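The residues making up each chain are set out below.
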Amino acid sequence: MPTRKRKTKRKSRLSHRWKRLVMSSVGIVVLPGLLFILPLRWIPPLTSSFMLQSEVAPVRFNWVGWEQLPTHLRLAIVASEDQRFPSHNGFDIKAIESAWNERKSGRLRGASTISQQVAKNLYLWPGGWLRKAIEAWITTQIEYLLPKRRILEIYLNIAEFAPGVYGAEAAARHHFGISANQLNRHQAALLAAVLPNPKQLSASNPSQYVANRSWVIRQQMEQLGPGWLAEL
């Protein structure tokens, strides 16, 4: 009998240890998201990791709400950066497969979604496999805790459109001398066209590459239609 009691106590202690380990693991995974991501549903970020790392100081950043971001700007950015944004869960598997195949053939192509870029820009740093791993974890938290509209709203406010110029409002003023809500379709497409390399490309003084890319983006906007993002 004493032997059975000792075995029972030992099993009970092991069971409690496993429960504590599981609860601790859940806390490590969930708590940072609740502390640093969930509040973004209601509170705009005051800055971002990329702004803090900017080589240009002070940076230009003016948050504007969803209603001040014109429909054609939202459409241009999503058409250019992440056309499966409304339907994916943070990762575009088809784009990843395509980027991997092109990499094997010697070409380079990005496959980051808007959600991944929000994770990177808000909390991380450029480059590196460690960053990619952390980015993937943060992306799942962002997709789970924030609605798609809010994710896009944050991206439009923190994306870099020129050296030290972050967000659509600062970009519209920097490149065109107007507010974001005054941007026309052509200007919105030009801003979207510089996002792959805003430190080298200019929306206000577009190279032939930017002009051609903005034309393609406008064609994509026409194909997708103005109601494409209506469900966000």
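Right above here is the structure, for reference.
Residues numbered from 1 in each chain as written. Predicted model: local features only at pLDDT ≥ 70, side-chain atom pairs only at ≥ 80, totals over all residues. Heavy atoms only, no water.

> I keep staring at the packing of helix α9 (residues 185–194) against helix α10 (residues 208–224) and nothing clicks. Help me out?
Relative placement of two packed helices is described by the angle separating their axes and the distance separating the axes. Where α9 contacts α10, the two axes come as close as 8 Å, and the packing angle between them is 115°. Seen from above, α9 lies across α10 with right-handed handedness. On the side of α9, the interface is formed by Arg185, His186, Ala189, Leu190, Ala192, Ala193 and Val194, while α10 contributes Val210, Arg213, Ser214, Ile217, Arg218, Met221 and Glu222. For the contact of α9 with α10, the residue count by class is 8 nonpolar, 2 polar and 4 charged. (Axes fitted to C-alpha atoms, helices over the stretch in contact; angles between N-to-C directions. Helix = DSSP H or I, 4+ residues; strand = E, 2+ residues; numbered from the N terminus. Left-handed = near helix turned anticlockwise from the far one by under 90°. Contact = heavy atoms within 4.5 Å. Nonpolar A, V, L, I, M, F, W, Y, C, P; charged D, E, K, R; others polar.)

> Would you take a moment to explain the environment of phenylalanine 85 for this structure?
Relative to the assigned elements, phenylalanine 85 resides in the loop between α3 (71–81) and α4 (93–104). A relative accessible area of 0% means that phenylalanine 85 is categorised as buried. Separated by 147 residues in sequence, phenylalanine 85 and leucine 232 have C-alpha atoms that sit 9.9 Å apart. Filtering out sequence-adjacent residues up to four positions away, phenylalanine 85 remains in contact with Val78, Ile114, Ser115, Lys148, Ile151, Leu152 and Leu232. (Buried < 20%, exposed > 50% of the residue type's maximum accessible area, 1.4 Å probe, protein only.)

> Explain the packing of α3 against α10 here, please?
Contact geometry for α3 and α10: axes closest at 9 Å, N-to-C directions at 105°. Comparing the axis directions of α3 and α10 gives the class roughly perpendicular. Across from His72, Leu75, Ala76, Ala79, Ser80 and Glu81 in α3, the residues of α10 making contact are Arg213, Ile217, Gln220, Met221 and Leu224. Among the residues making up the contact of α3 with α10, the classes are represented as 6 nonpolar, 3 polar and 2 charged. (Parallel < 35°, antiparallel > 145°, perpendicular 65-115°, else oblique.)

> Is there a simple way to think about the side chain of glutamate 143 in this case?
As for its placement among the helices and strands, glutamate 143 is situated in helix α6 (residues 129–145). Glutamate 143 sits in the buried class, given a relative accessible area of 15%. Within the local environment of glutamate 143, its side chain forms a polar contact with the side chain of lysine 148, the two groups lying 3.0 Å apart. Each residue touching glutamate 143, except ones within four places of it in the same chain, is listed here: His88, Asn89, Gly90, Ser115, Lys148 and Ile151. (Polar contact = N/O pair within 3.5 Å; in protein donor to acceptor, adjacent residues only side chain to side chain.)

> What am I meant to see in the pattern of salt bridges here?
Any two side chains of opposite charge can pair, so long as their charged atoms come close to each other. Counted by the stated rule, this structure contains 9 salt bridges. Across the pair lysine 132 and glutamate 135 runs a salt bridge, and its minimum N-O distance is 3.7 Å. Of this pair, lysine 132 and glutamate 135 are both found in helix α6, 3 residues apart, which corresponds to roughly one turn of the helix. For glutamate 169, the salt bridge identified is with arginine 173, shortest N-O distance 2.7 Å. Of this pair, glutamate 169 and arginine 173 both sit in helix α8 (residues 168–176), 4 residues apart, which is roughly one turn of that helix. By relative accessible area, which is 8% here, glutamate 169 ends up buried. Here arginine 173 falls in the partly exposed class, since its relative accessible area comes to 43%. (Salt bridge = Lys/Arg side-chain N within 4 Å of Asp/Glu carboxyl O.)

> I keep staring at the sheet that holds strand β2 (residues 160–162) and nothing clicks. Help me out?
What holds strands together in a sheet is hydrogen bonding between their backbones, with the strands either parallel or antiparallel. Pairing within the open sheet is mixed, and its 3 strands lie in the order β1-β3-β2. Edge positions in the sheet fall to β1 (60–61) and β2, since each of these pairs with one other strand and no more. The sheet contact formed by β1 and strand β3 (residues 165–166) spans 2 bridges and is parallel. Bridge pairing in β3 links phenylalanine 61 to tyrosine 166. (Pairing = 2+ DSSP bridges.)

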